[in-house]
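Working through the structure, step by step
Given next are the chains, with one letter for each unit.
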Amino acid sequence: MRRLILPAALRPRIAGPTLGSAVASGVSAATTLLVAQGIGAAGFGRFTVVLSIALIVTVGMLMSLHYVMLQELPRAAPEDRPALLTTALAATLVLGSLVAAAGMLAAPVLTTLLGVDVRTLGFGLALAMSMTLNHLTECVLRGLGRYVRTAVLKLTVALAYLGGSAYCLLVLGLRDAEVYLTALIATNTAFAVVAVAGSGARPRAWRAALVRPLYRLGGYVTAVAALTGVAFGLDVIFLNHWAAPAEVGVYSVYNGFPKRLLGVLFTDGVGLALLPAMATMDKPELLRRIGRLVPAVALGTAAVAFAASLVFFLLLRAQYPYAVDLMALSAAGIGAHTVFNLYSVTLLMDGVRGSRLLIACLGAGTPLVLGLQAALIAGFGLYGGLIAFALSNAALVVMIAAAAARAYRAAPRAVPDGMPRGPLP
């Protein structure tokens with residue numbers, strides 16, 4: 001896929017970093033499997049609930065400034081980049097802290113709505129803050145074209161998390177999910193600190209005038225992320241409400257784990273240089289290329305997910321029994337979700353125009369998706385969740401592809417639709 005989409009001149013330069021990022025993704029996946037096997041289905045169910053909360057909260061903390069960095073840093077003049085990234089980092093620290101504080105103040109309401117205790121909510125907010133900083137700083141490095149540094153740093157952090165988790169499980173015998181959540185928070189934060197140290201950010205580069213245009217574009221992308229997070233993040237909450245904690249852990253292995261692995265592999269592997277390159281590519285032509293790739297992408301990722309399941313279920317053994325029918329449903333959903341992600345990032349890299357189109361499609365489709373999930377999970381539990389995930393992705397892909405075909409028939413604009421250039425120094 002990368003060869004068919006990326007410009008030819010960029011391919012040799014990113015081959016090594018792409019491999020390094022893919023290895024880092026594999027190490028992260030191995031760590032998740034190790035933790036799932038070591039702490040058991042019930043413990044991993046709590047781990048998954050905290051992660052689901054964090055993924056939703058991250059949307060509000062980050063406000064999609066990581067996507068703005070991927071779009072704007074490749075387009076910006078070198079002298080303008082320190083102001084862009086410094087302002088984005090400072091604004092994110094302030095907003096993230098305010099969201100975390102508001103979340104804890106609203107704990108009596110949120111814990112009732114989510115069906116969790118205050119401690120679980122607190123871990124979710126802390127993990128969200130660390131993920132927010134991790135996502136932003138990684139995209140800063142990628143937007144600056146520092147692919148080697150990104151890959152090396154990601155691999156180092158992934159190995160540290162694996163080593164620490166293995167030591168806690170195999171040597172210390174710790175089975176508490178909070179140990180591994182704390183380790184994940186620590187490694188995310190460590191990545192952000194090291195990434196910022198080499199990014200060129202400096203306090204005096206802060207520009208108050210950039211905050212509004214940064215959040216203007218980020219606001220559109222955030223609306224997309226919020227709708228996507230709701231559409232594909234509440235299934236675990238539904239299952240946690242209608243099923244036992246152990247069943248949530250099993251669902252996470254069948255659906256949540258492959259979904260996260262897909263996201264990591266896409267972002268860290270193929271997407272390492274693909275996403276920044278998309279920011280400057282002709283969008284109608286890019287969408288035509290992706291349309292031709294859809295069958296191969298869906299079938300290919302479904303086949304890989306199904307085959308890979310044989311390996312990680314052997315590693316997990318008795319606590320997570322393998323069922324061919326469940327894995328087939330999961331693989332179908334993963335194939336459709338890959339296509340959904342591919343269309344989404346393509347449109348997001350077009351800036352405001354693409355983001356508005358996604359908002360319209362997700363706004364129309366999310367109520368259907370949530371109703372489908374609630375009905376099928378309440379009625380069929382684990383099976384219902386997997387079926388709903390596959391059907392939801394397929395429906396959204398059809399809507400987005402049809403809308404994009406209509407919206408991008410006209411000739412492309414000479415300048416990509418991104419952040420206004422007026423406030424730049």
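Residues numbered from 1 in each chain as written. Predicted model: local features only at pLDDT ≥ 70, side-chain atom pairs only at ≥ 80, totals over all residues. Heavy atoms only, no water.

For the rest of this paragraph, the subject is the overall build of the protein chain. Across its full length, the protein chain holds 13 helices and 0 strands. Put simply, the protein chain has 425 residues, and 53% of those count as buried. Put simply, of all contacts in the protein chain between residues at least 6 apart along the chain, 85% involve residues at least 24 apart. Counting only carbon and sulfur atoms, one obtains 71% of the accessible surface of the protein chain, whose full area is about 16,900 Å². (Helix = DSSP H or I, 4+ residues; strand = E, 2+ residues; numbered from the N terminus. Buried < 20%, exposed > 50% of the residue type's maximum accessible area, 1.4 Å probe, protein only. Contact = heavy atoms within 4.5 Å. Areas by Shrake-Rupley, 256 points an atom, 1.4 Å probe, with all protein chains shown as cover.)

Under the criterion given, the structure shown has 3 aromatic pairs. With a centroid separation of 5.3 Å and 70° between ring planes, the pair formed by Phe-232 and Phe-340 is classed as edge-to-face. Here the residue Phe-232 occupies a position in helix H9 (residues 211-242), and Phe-340 occupies one in helix H12 (residues 324-348), the gap between them amounting to 108 residues. Phe-340 shares its class with Phe-232; the two are buried. (Phe/Tyr/Trp six-rings, centres within 6.5 Å; stacked < 30°, edge-to-face > 60°.)

Given a rise of 1.5 Å per residue, 26 residues ought to cover 38 Å, and the 37 Å separating the end C-alpha atoms of helix H6 (residues 118-143) matches this to within 8%. Counting buried residues along H6, 21 of its 26 residues qualify, which places the element largely inside the surrounding structure. The first or second residue beyond H6 is Gly-145, which carries a positive phi of 80°. (Expected span 1.5 Å × (residues − 1).)

This part is about the nonpolar core. Within soluble globular proteins, side chains that are nonpolar generally end up buried alongside one another. Counting residues in each nonpolar core, the largest one holds 44 residues, and the members touching the most others are Ile-39, Phe-47, Leu-127, Tyr-180 and Tyr-254. Contributions of two or more residues to this core are made by helix H2 (11-62), H6, helix H7 (147-171), helix H8 (177-197), H9, helix H10 (245-278), H12 and helix H13 (352-407). Here this core gets 12 residues from one element, more than from any other, and that element is H2. For Phe-47, the contacting residues outside a window of four places in its chain are Ile-39, Tyr-161, Ala-177, Tyr-180, Leu-181 and Leu-184. Core analysis: the second largest hydrophobic core is formed by 38 residues, Val-224, Ile-334, Val-345 and Phe-389 among them. (Core = buried A, V, L, I, M, F, W, Y, C linked by side-chain atoms within 4.5 Å.)

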